[in-house]
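Residue-level listing of the chains:
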Amino acid sequence: MMKATPPSARYTLRVLSRLLAYPDAELFADLSPMVDALRLEQALPRARVEEIGQLCAHLNALGPWEAQARYVELFDRGHKTSLHLFEHIHGDSRDRGPALVDLQQTYEKAGLLFDANELPDHLPVVLEFASTQPLHLAKDFLGEMVEILNAVFSALVQRQSPYACVLAAILELAGAKAHAVEIDPEPDMDDAWVEPEAYAGCSTHGQSRPGTPQPMHFVRKSDLPNQHQGVSA
(Lines give C-alpha, C1' and ligand atoms only; values in the text may rest on other atoms or scores of the structure.)
Protein backbone atom coordinates (compact mmCIF):
# COMPACT_ATOMS: atom_id res chain seq x y z
CA MET A 1 0.00 0.00 0.00
CA MET A 2 1.42 3.35 -1.04
CA LYS A 3 1.83 6.05 1.56
CA ALA A 4 -0.42 9.05 1.02
CA THR A 5 1.25 12.29 0.01
CA PRO A 6 1.68 14.48 3.11
CA PRO A 7 -0.42 17.67 3.09
CA SER A 8 2.63 19.76 3.90
CA ALA A 9 6.40 19.64 4.12
CA ARG A 10 6.77 23.13 5.50
CA TYR A 11 8.58 22.27 8.70
CA THR A 12 10.58 19.48 7.07
CA LEU A 13 11.98 21.87 4.46
CA ARG A 14 12.90 24.36 7.17
CA VAL A 15 14.65 21.68 9.19
CA LEU A 16 16.65 20.59 6.14
CA SER A 17 17.50 24.21 5.42
CA ARG A 18 18.71 24.73 8.97
CA LEU A 19 20.81 21.56 8.95
CA LEU A 20 22.67 22.74 5.85
CA ALA A 21 23.37 26.18 7.30
CA TYR A 22 26.50 27.02 9.27
CA PRO A 23 26.32 25.09 12.57
CA ASP A 24 26.16 27.94 15.05
CA ALA A 25 25.24 27.73 18.72
CA GLU A 26 21.52 28.06 17.98
CA LEU A 27 21.59 24.97 15.80
CA PHE A 28 22.90 22.81 18.64
CA ALA A 29 20.07 23.99 20.87
CA ASP A 30 17.54 23.00 18.18
CA LEU A 31 18.86 19.57 17.12
CA SER A 32 16.45 17.49 19.16
CA PRO A 33 13.32 19.61 18.41
CA MET A 34 14.13 19.50 14.69
CA VAL A 35 14.13 15.71 14.63
CA ASP A 36 10.84 15.76 16.54
CA ALA A 37 9.38 18.09 13.88
CA LEU A 38 10.39 15.67 11.12
CA ARG A 39 8.73 12.79 12.89
CA LEU A 40 5.58 14.79 13.52
CA GLU A 41 5.12 16.07 9.96
CA GLN A 42 5.86 12.68 8.35
CA ALA A 43 6.85 14.18 5.01
CA LEU A 44 9.87 11.85 4.76
CA PRO A 45 10.18 8.06 5.05
CA ARG A 46 10.84 6.89 8.59
CA ALA A 47 14.23 5.47 7.63
CA ARG A 48 15.32 8.84 6.24
CA VAL A 49 14.22 10.61 9.40
CA GLU A 50 16.28 8.17 11.45
CA GLU A 51 19.32 8.89 9.28
CA ILE A 52 18.88 12.61 9.87
CA GLY A 53 18.53 11.88 13.58
CA GLN A 54 21.90 10.13 13.42
CA LEU A 55 23.39 13.18 11.71
CA CYS A 56 22.09 15.39 14.51
CA ALA A 57 23.57 13.05 17.11
CA HIS A 58 26.86 13.10 15.20
CA LEU A 59 26.95 16.91 15.18
CA ASN A 60 26.10 17.02 18.87
CA ALA A 61 28.94 14.63 19.64
CA LEU A 62 31.40 16.73 17.63
CA GLY A 63 30.51 19.95 19.41
CA PRO A 64 30.33 23.42 17.84
CA TRP A 65 34.02 24.03 17.14
CA GLU A 66 34.73 20.74 15.40
CA ALA A 67 31.40 20.77 13.55
CA GLN A 68 32.08 24.27 12.26
CA ALA A 69 35.58 23.38 11.08
CA ARG A 70 34.32 20.33 9.23
CA TYR A 71 31.44 22.31 7.71
CA VAL A 72 33.82 24.91 6.27
CA GLU A 73 36.13 22.23 4.91
CA LEU A 74 33.23 20.34 3.33
CA PHE A 75 30.99 23.05 1.90
CA ASP A 76 33.12 26.19 1.66
CA ARG A 77 36.39 24.66 0.45
CA GLY A 78 34.88 21.98 -1.78
CA HIS A 79 33.67 22.91 -5.26
CA LYS A 80 31.70 19.74 -5.93
CA THR A 81 30.04 19.93 -2.50
CA SER A 82 29.28 23.64 -2.75
CA LEU A 83 25.80 24.61 -1.59
CA HIS A 84 25.69 27.47 -4.10
CA LEU A 85 23.71 25.68 -6.77
CA PHE A 86 24.50 27.90 -9.74
CA GLU A 87 28.20 27.40 -9.14
CA HIS A 88 27.71 23.86 -10.43
CA ILE A 89 26.22 25.21 -13.68
CA HIS A 90 27.90 28.52 -14.37
CA GLY A 91 31.00 28.49 -12.18
CA ASP A 92 32.36 32.04 -12.01
CA SER A 93 31.19 32.96 -15.51
CA ARG A 94 29.11 36.04 -16.30
CA ASP A 95 26.03 33.85 -16.79
CA ARG A 96 25.75 33.30 -13.06
CA GLY A 97 24.81 36.94 -12.38
CA PRO A 98 21.63 36.98 -14.51
CA ALA A 99 20.67 33.56 -13.14
CA LEU A 100 20.91 34.90 -9.58
CA VAL A 101 18.79 37.90 -10.55
CA ASP A 102 16.13 35.63 -12.07
CA LEU A 103 16.03 33.50 -8.93
CA GLN A 104 15.70 36.55 -6.70
CA GLN A 105 12.84 37.77 -8.88
CA THR A 106 11.16 34.39 -8.39
CA TYR A 107 11.23 35.04 -4.66
CA GLU A 108 9.85 38.54 -5.11
CA LYS A 109 7.06 37.40 -7.44
CA ALA A 110 5.93 35.05 -4.66
CA GLY A 111 5.55 38.11 -2.43
CA LEU A 112 8.75 37.59 -0.45
CA LEU A 113 11.53 40.07 0.19
CA PHE A 114 14.96 38.50 -0.16
CA ASP A 115 17.00 39.60 2.84
CA ALA A 116 19.81 37.16 3.58
CA ASN A 117 23.55 37.22 4.05
CA GLU A 118 23.88 34.51 1.42
CA LEU A 119 23.29 34.55 -2.33
CA PRO A 120 19.84 33.52 -3.63
CA ASP A 121 21.17 30.19 -4.94
CA HIS A 122 22.49 29.03 -1.55
CA LEU A 123 20.66 25.78 -0.88
CA PRO A 124 19.45 26.71 2.64
CA VAL A 125 17.92 29.88 1.12
CA VAL A 126 16.32 27.84 -1.67
CA LEU A 127 14.80 25.45 0.88
CA GLU A 128 13.56 28.30 3.04
CA PHE A 129 11.74 29.71 0.04
CA ALA A 130 10.30 26.31 -0.87
CA SER A 131 8.95 25.99 2.67
CA THR A 132 6.71 29.02 2.07
CA GLN A 133 5.04 27.46 -0.97
CA PRO A 134 2.25 24.91 -1.28
CA LEU A 135 3.67 21.41 -1.44
CA HIS A 136 3.02 20.87 -5.15
CA LEU A 137 4.74 24.16 -6.04
CA ALA A 138 7.66 23.41 -3.73
CA LYS A 139 8.01 20.00 -5.37
CA ASP A 140 8.02 21.50 -8.87
CA PHE A 141 10.49 24.20 -7.82
CA LEU A 142 12.96 21.71 -6.34
CA GLY A 143 12.34 19.35 -9.24
CA GLU A 144 14.04 21.84 -11.57
CA MET A 145 17.25 21.37 -9.56
CA VAL A 146 17.30 17.58 -9.31
CA GLU A 147 20.42 17.06 -11.42
CA ILE A 148 22.42 19.57 -9.37
CA LEU A 149 21.12 18.17 -6.09
CA ASN A 150 22.03 14.65 -7.11
CA ALA A 151 25.52 15.79 -8.11
CA VAL A 152 26.03 17.31 -4.66
CA PHE A 153 24.60 14.17 -3.07
CA SER A 154 27.06 12.04 -5.05
CA ALA A 155 29.98 14.21 -3.97
CA LEU A 156 28.93 13.88 -0.33
CA VAL A 157 28.61 10.11 -0.67
CA GLN A 158 32.07 9.99 -2.23
CA ARG A 159 33.45 11.87 0.78
CA GLN A 160 31.46 9.61 3.14
CA SER A 161 29.78 12.63 4.69
CA PRO A 162 26.79 12.13 7.01
CA TYR A 163 25.26 15.22 5.37
CA ALA A 164 24.41 13.06 2.33
CA CYS A 165 21.15 12.02 3.99
CA VAL A 166 19.95 15.65 3.94
CA LEU A 167 20.44 15.88 0.16
CA ALA A 168 18.71 12.51 -0.23
CA ALA A 169 15.75 13.87 1.72
CA ILE A 170 15.56 16.97 -0.50
CA LEU A 171 15.58 14.81 -3.61
CA GLU A 172 12.74 12.71 -2.21
CA LEU A 173 10.68 15.83 -1.54
CA ALA A 174 11.34 16.85 -5.15
CA GLY A 175 9.81 13.56 -6.29
CA ALA A 176 13.16 12.02 -7.25
CA LYS A 177 15.29 9.22 -5.89
CA ALA A 178 18.81 9.86 -4.69
CA HIS A 179 21.32 7.78 -6.60
CA ALA A 180 25.05 8.28 -6.38
CA VAL A 181 26.81 8.71 -9.71
CA GLU A 182 30.53 8.58 -10.41
CA ILE A 183 32.18 12.00 -10.36
CA ASP A 184 35.70 13.10 -11.15
CA PRO A 185 37.97 13.57 -8.13
CA GLU A 186 38.20 17.14 -6.95
CA PRO A 187 41.62 18.83 -7.18
CA ASP A 188 43.26 19.86 -3.93
CA MET A 189 42.35 23.44 -2.98
CA ASP A 190 46.01 24.45 -2.76
CA ASP A 191 46.67 23.08 -6.26
CA ALA A 192 43.62 24.86 -7.65
CA TRP A 193 44.82 28.22 -6.31
CA VAL A 194 48.54 27.87 -7.13
CA GLU A 195 50.00 30.89 -8.90
CA PRO A 196 51.41 30.19 -12.38
CA GLU A 197 55.04 31.00 -13.05
CA ALA A 198 55.62 34.39 -14.59
CA TYR A 199 55.58 34.29 -18.40
CA ALA A 200 54.70 30.58 -18.08
CA GLY A 201 58.34 29.95 -17.16
CA CYS A 202 59.30 29.97 -20.82
CA SER A 203 62.37 31.81 -22.09
CA THR A 204 60.61 32.65 -25.33
CA HIS A 205 58.27 34.84 -23.28
CA GLY A 206 61.10 36.89 -21.83
CA GLN A 207 62.65 34.83 -19.06
CA SER A 208 63.86 31.33 -18.32
CA ARG A 209 62.58 29.09 -15.58
CA PRO A 210 63.64 29.99 -12.04
CA GLY A 211 67.08 28.63 -11.18
CA THR A 212 68.40 28.67 -14.76
CA PRO A 213 70.80 31.26 -16.21
CA GLN A 214 69.07 34.38 -17.47
CA PRO A 215 70.41 35.52 -20.88
CA MET A 216 71.55 39.14 -21.16
CA HIS A 217 71.76 41.04 -24.42
CA PHE A 218 73.98 44.10 -24.94
CA VAL A 219 73.39 46.63 -27.71
CA ARG A 220 75.72 49.43 -28.70
CA LYS A 221 74.23 52.82 -28.04
CA SER A 222 75.11 53.89 -31.57
CA ASP A 223 72.89 51.07 -32.91
CA LEU A 224 69.77 52.34 -31.15
CA PRO A 225 67.17 54.38 -33.04
CA ASN A 226 67.62 58.15 -32.77
CA GLN A 227 64.59 58.60 -30.50
CA HIS A 228 66.22 56.33 -27.90
CA GLN A 229 69.55 58.19 -27.86
CA GLY A 230 70.37 60.80 -25.28
CA VAL A 231 69.99 64.47 -26.19
CA SER A 232 73.25 66.40 -26.21
CA ALA A 233 73.47 70.04 -25.22
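Residues numbered from 1 in each chain as written. Predicted model: local features only at pLDDT ≥ 70, side-chain atom pairs only at ≥ 80, totals over all residues. Heavy atoms only, no water.

Trainee: Any chance you could explain the overall build of the protein chain here in plain terms?
Mentor: From N to C terminus, the protein chain includes eleven helices and zero strands. Moving toward the C terminus, one meets the helices and strands of the protein chain in the order α-α-α-α-α-α-α-α-α-α-α. A total of 233 residues make up the protein chain; the buried ones form 37% of that total. Put simply, of all contacts in the protein chain between residues at least 6 apart along the chain, 61% involve residues at least 24 apart. In the structure as shown, the protein chain presents an accessible area of about 15,100 Å², 53% of it carried by carbon and sulfur atoms. (Helix = DSSP H or I, 4+ residues; strand = E, 2+ residues; numbered from the N terminus. Buried < 20%, exposed > 50% of the residue type's maximum accessible area, 1.4 Å probe, protein only. Contact = heavy atoms within 4.5 Å. Areas by Shrake-Rupley, 256 points an atom, 1.4 Å probe, with all protein chains shown as cover.)

Trainee: How should I be thinking about the packing of aromatic side chains in this particular structure?
Mentor: Centre-to-centre distance and the angle between the planes together describe a pair of aromatic rings. Across all of its chains, the model carries six aromatic pairs by this definition. Look at Y22 and Y71: their rings are 5.8 Å apart centre to centre, the planes differ by 85°, and that puts the pair in the edge-to-face class. Taken together, the residues Y22 in the loop between α1 (10–19) and α2 (25–41) and Y71 in helix α4 (residues 64–76) connect sequence positions 49 residues apart. Here Y71 falls in the buried class, since its relative accessible area comes to 4%. On the numbers, 6.4 Å between centres and 70° between planes, the contact of Y71 with Y163 is edge-to-face. With a gap of 92 residues between them, Y71 in helix α4 and Y163 in the loop between α9 (146–158) and α10 (164–173) connect regions that are remote in the sequence. Per residue, the accessibility class of Y71 equals that of Y163, and both read buried. Clustering of aromatic rings is evident, with ring pairs tying together Y22, Y71, F75 and Y163. (Phe/Tyr/Trp six-rings, centres within 6.5 Å; stacked < 30°, edge-to-face > 60°.)

Trainee: I tried to follow α10 on my own but got confused; where do I start?
Mentor: Note that an α-helix has 3.6 residues per turn; residues three or four places apart therefore point the same way. Of all ten residues in α10, nine are buried; the element is thus mostly enclosed. Listed in full, the buried residues belonging to α10 are A164, C165, V166, L167, A168, A169, I170, L171 and L173. Check the buried side of α10 and you find it contacts α1, α3 (46–62), α7 (123–130), α8 (135–143) and α9. Taken from the residues just after α10, G175 is the one with a positive phi, measuring 85°.

Trainee: Looking at this structure, I do not really get the nonpolar core. What am I missing?
Mentor: Within soluble globular proteins, side chains that are nonpolar generally end up buried alongside one another. Core analysis: the largest hydrophobic core is formed by 58 residues, its most contacted members being L20, L123 and I170. It is α10 that contributes the most residues to this core, nine residues altogether. Not counting residues within four places of it along the chain, the set of residues in contact with L20 comprises Y71, F75, L83, L123, P124, L127, Y163, V166, L167 and I170. (Core = buried A, V, L, I, M, F, W, Y, C linked by side-chain atoms within 4.5 Å.)

Trainee: I tried to follow the packing of α1 against α7 on my own but got confused; where do I start?
Mentor: Geometrically, a packed helix pair is captured by the angle between its two axes and the distance between the axes. Relative orientation of the contacting elements α1 and α7 amounts to 165°, with a least axis distance of 8 Å. Classed by the angle they form, the pair α1 and α7 counts as roughly antiparallel. For the pair α1 and α7, the sense of crossing is left-handed. Seen from α1, the contacting residues are L13, R14, L16 and S17; seen from α7, they are P124, L127, E128 and A130. (Axes fitted to C-alpha atoms, helices over the stretch in contact; angles between N-to-C directions. Parallel < 35°, antiparallel > 145°, perpendicular 65-115°, else oblique. Left-handed = near helix turned anticlockwise from the far one by under 90°.)

Trainee: Mind showing me how you'd approach the environment of H179 here?
Mentor: Positionally, H179 belongs in the loop between α10 and α11 (189–192). Sequence separation of H179 and F153 is 26 residues, and the distance between their C-alpha atoms is 8.0 Å. For H179, the residues in contact, after removing those within four places along its chain, are N150, F153 and S154. Only 3.1 Å separates the side chain of H179 from the backbone oxygen of K177, close enough to count as a polar contact. (Polar contact = N/O pair within 3.5 Å; in protein donor to acceptor, adjacent residues only side chain to side chain.)

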